[in-house]
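# Summary of structural features
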Amino acid sequence: MQKVISGKTINVNDEGYLTDLTQWDKSLAQAIAQEEGIGELTPKHWDIIHYLQEQFKQEIPLSIRKISKSGVVNIEEFYALFPQGPLKKASKIAGIPKPVSCI
Amino acid sequence: MSEYTGEVRKMMIILSKATMENVYAAFILANGARMEGIEAEIFFTFFGLEAINKNKLGHLHTATVGNPAMHIPTLLGGLPGMEAIATSMMKKEMEKLDMPDVLEFLDILKASGVKLWACRLAMEMFHIQKEELYNGINGVISVGEFYNKGTGLGTHMLFV
């Protein structure tokens, strides 16, 4: 389905995840972050978003364990930066699919 | 948060066993809760204490006897070494799925904000000192104290 956000029409699934990463840009990410209650994205947020996109492009499945070994952020910070379901929220903002792993 | 619509907000998990599959079930449930923005606490009691016992947590086994789903005849399952074989097979499969070992999993749970409680009565029963337990535990408490932590709308308790 389609969704209009910050003046742009994007394709999303029924949970609001982008289905086409080419439609993603930074202003869109910021708008989704506002919707998700994350607020203004800091450089640390952006580091994580780029890391997630990189993993997605390499088809590496994401998990909290991967995050802890990423060298980008530790788990405590990750939860602090993206409260209430960090990997879900960060993935949504990064424009990639919702992670499926249970770990 | 505004109106309560029945969603799960907090999982209070009681782990009473120390077979690998039970420990992982409890850990995955707790971690999965945190990943969804749900609070999680684990109460380690009876044999579940082994999962936070520094000397034991690296040597948990899966049970080959009394577990029909293993599809090993009980007599064979009881032979020396069978548990070790089944356990090492399971660990290999878990490694393929990128599952952490018990100690690393405890670190992940701790960092994710899962509260870890040891049962006082079970510790006394098994003569376990606090120093023997994983350093990240939040405390040693009674059943009553654990219940008192399970307040608030949307709290669920689960016995593993």
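The structure contained in this document is the topic of the report that follows. Bear in mind the structure is a predicted one, so any value in this text is a computation, not a measurement.

### What to know about the pattern of salt bridges
Any two side chains of opposite charge can pair, so long as their charged atoms come close to each other. Applying the stated criterion across every chain, the model contains 14 salt bridges over all chains. Notably, a salt bridge pairs Asp98(B) with Arg65(A), separated by 2.9 Å at the nearest N-O pair. Here Arg65(A) lies in helix H3 (residues 64-69) and Asp98(B) lies in the loop between helix H3 (82-96) and helix H4 (102-111), a pairing that spans two chains. Look at Arg65(A) and you get buried, because its relative accessible area is 8%. The residue Lys66(A) makes a salt bridge to Asp98(B) at a minimum N-O spacing of 3.5 Å. Here Lys66(A), found in helix H3, pairs with Asp98(B), found in the loop between H3 and H4, and the two come from separate chains. A relative accessible area of 24% means that Lys66(A) is categorised as partly exposed. Taken together, the shared-partner salt bridges in this structure form one network comprising Arg65(A), Lys66(A), Lys69(A), Asp98(B) and Glu104(B).

### Observations regarding the sheet that holds strand S5 (residues 155-159) of chain B
All names here are of chain B. Spatially, S4-S3-S2-S1-S5 is the arrangement adopted by the five strands of the open sheet, whose pairing is parallel. Where the open sheet ends on each side, the last strands, each with one partner, are strand S4 (139-141) and S5. The mean angle between the axes of side-by-side strands here comes to 25 degrees, regardless of whether they run parallel or antiparallel. Pairing of strand S1 (residues 10-15) with S5 involves five bridges; the strand directions are parallel. Bridge pairing links Lys 10 to Thr 155 in S5. Docked against the sheet, helix H1 (residues 20-35) engages S1, strand S2 (39-44) and S5, running at close to 155 degrees with respect to S2.

### Quick word on the interface of chain B and chain A
With 18 residues of chain B at the contact, the number on the chain A side is 15 residues. It is Met35(B), Asp98(B) and Ala111(B) in chain B that bury the most area against chain A; as a group they hold 38% of the surface buried on that side. Put simply, Glu104(B) and Arg65(A) hold a salt bridge, and the shortest N to O gap is 2.9 Å. Between chain B and chain A we count four residue pairs in polar contact (both at pLDDT 80 or more) in total. Breaking the side of chain B that touches chain A down by element, the ones donating at least two residues are H1 and H4 of chain B. The element that contributes the greatest number of residues to the side of chain B that touches chain A is H1(B), accounting for five residues. A breakdown of the residues in the side of chain B that touches chain A according to their chemical character gives nine nonpolar, four polar and five charged.

Calculation criteria
- Residues numbered from 1 in each chain as written.
- Chains lettered and ligands numbered in written order.
- Predicted model: local features only at pLDDT ≥ 70, side-chain atom pairs only at ≥ 80, totals over all residues.
- Heavy atoms only, no water.
- Salt bridge = Lys/Arg side-chain N within 4 Å of Asp/Glu carboxyl O.
- Helix = DSSP H or I, 4+ residues; strand = E, 2+ residues; numbered from the N terminus.
- Buried < 20%, exposed > 50% of the residue type's maximum accessible area, 1.4 Å probe, protein only.
- Pairing = 2+ DSSP bridges.
- Axes fitted to C-alpha atoms, helices over the stretch in contact; angles between N-to-C directions.
- Contact = heavy atoms within 4.5 Å.
- Buried area = accessible area lost by both parts, 1.4 Å probe.
- Polar contact = N/O pair within 3.5 Å; in protein donor to acceptor, adjacent residues only side chain to side chain.
- Nonpolar A, V, L, I, M, F, W, Y, C, P; charged D, E, K, R; others polar.

It is worth stressing that arrangement in space is one thing and function is another; only the former is reported here.
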